[in-house]
Amino acid sequence: GTERGISEPTPNFSACFGAAFLTLHPTRYADLLAEKMEKHDAHAWLVNTGWSGGSYGVGERMSIKTTRSCIDSILDGTAAQAEFANDEIFGFEVPVSLPGVDGHLLNPRNAWDNKDSYDQTAKKLAGMFAKNFEQFSGMGSTDYTKFG
């Protein structure tokens with residue numbers, strides 16, 4: 001987090017944002033989500049409402065205006081019609097442009113002045129995600145570790 005007194009945020013992984021309250025294994029909830037999304041032809045969007053433009057102390061939080069523009073584009077369908085680029089480290093697709101959003105903010109790498117620093121930080125975070133997911137290897141009906 002980035003609470004007061006924290007000089008370097010520490011990633012915290014919690015299955016489904018509430019591991020202490022889950023009665024089933026986290027992969028079962030992932031399976032249920034995938035089933036519901038497929039059944040109802042639903043789509044999921046990740047919206048960065050956190051930090052952009054550099055590591056803590058260099059970058060800044062995403063503005064409410066930018067966040068609202070991203071959400072508006074999702075809700076009115078313009079985001080689904082956008083051109084996308086693939087994020088090489090995390091593998092998800094990122095819109096190249098959205099109405100009302102500064103284009104360099106959509107792809108986090110473009111928002112950082114120091115691209116090498118971004119690459120190192122992103123690879124470190126991706127490694128932390130992969131390590132965290134090792135605990136779920138082979139559990140549930142789908143091995144989610146195979147997705148990177």
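Predicted model only: the values in this text are computed from it and were never measured.

### Re the overall build of the protein
Here is step 1: Along its length, the protein carries five helices and four strands.
Here is step 2: Its helices and strands taken in sequence order, the protein reads α-β-β-α-β-β-α-α-α from the N to the C terminus.
Here is step 3: Counting every position in the protein, which comprises 148 residues, the buried fraction comes to 23%.
Here is step 4: Residue pairs at least 24 apart in sequence account for 44% of intrachain contacts in the protein once pairs closer than 6 positions are excluded.
Here is step 5: Taken as a whole, the protein presents about 10,700 Å² of accessible surface, with 54% of it coming from carbon and sulfur.

### Concerning the nonpolar core
Here is step 1: Counting residues in each nonpolar core, the largest one holds seven residues, listed as C70, A79, A82, V94, L98, V101 and L106.
Here is step 2: Once residues lying within four places of it in the same chain are set aside, the contact partners of A82 are P95, S97 and L98.

### Here's the deal with the pattern of salt bridges
Here is step 1: In total, this model carries two salt bridges according to the counting rule given.
Here is step 2: Note that R28 and E35 form a salt bridge whose closest N and O atoms lie 3.6 Å from each other.
Here is step 3: Judged by its relative accessible area of 34%, R28 is partly exposed.
Here is step 4: For E35, a relative accessible area of 45% gives the class partly exposed.
Here is step 5: A salt bridge links R109 to D119, with the shortest nitrogen-to-oxygen separation between them at 2.7 Å. Residue R109 is located in helix α4 (residues 108-111), and its partner D119 is located in helix α5 (residues 115-133); the two are separated by 10 residues in the primary sequence.
Here is step 6: On the basis of relative accessibility, which here comes to 30%, the residue R109 falls in the partly exposed class.

### Digging into the packing of aromatic side chains
Here is step 1: Across all of its chains, the model carries four aromatic pairs by this definition.
Here is step 2: Look at F90 and F92: their rings are 5.8 Å apart centre to centre, the planes differ by 10°, and that puts the pair in the stacked class.
Here is step 3: Overall, the relative accessible area of 34% leaves F92 in the partly exposed class.
Here is step 4: Taken together, F90, F92 and F129 form an aromatic cluster joined through their ring pairs.

### Considering the confidence of the model for the protein
For any part of a model where pLDDT is low, the fine detail of the predicted coordinates should not be relied upon.
Here is step 1: The pLDDT averaged across the protein works out to 86; a share of 86% of its residues lies at or above 70.
Here is step 2: Ranking the helices and strands of the protein by mean pLDDT puts helix α2 (residues 64-76) first, with 96, and strand β1 (residues 51-52) last, with 86.

### Some points on unusual backbone geometry
Here is step 1: One non-glycine residue, D41, adopts positive backbone phi at about 50°.
Here is step 2: Among the secondary structure elements, D41 is positioned in the loop between α1 (26-39) and β1.
Here is step 3: On the accessibility criterion, D41 (59% relative accessible area) is exposed.

The rules behind the values
Residues numbered from 1 in each chain as written. Predicted model: local features only at pLDDT ≥ 70, side-chain atom pairs only at ≥ 80, totals over all residues. Heavy atoms only, no water. Helix = DSSP H or I, 4+ residues; strand = E, 2+ residues; numbered from the N terminus. Buried < 20%, exposed > 50% of the residue type's maximum accessible area, 1.4 Å probe, protein only. Contact = heavy atoms within 4.5 Å. Areas by Shrake-Rupley, 256 points an atom, 1.4 Å probe, with all protein chains shown as cover. Core = buried A, V, L, I, M, F, W, Y, C linked by side-chain atoms within 4.5 Å. Salt bridge = Lys/Arg side-chain N within 4 Å of Asp/Glu carboxyl O. Phe/Tyr/Trp six-rings, centres within 6.5 Å; stacked < 30°, edge-to-face > 60°. pLDDT = per-residue confidence, 0-100.

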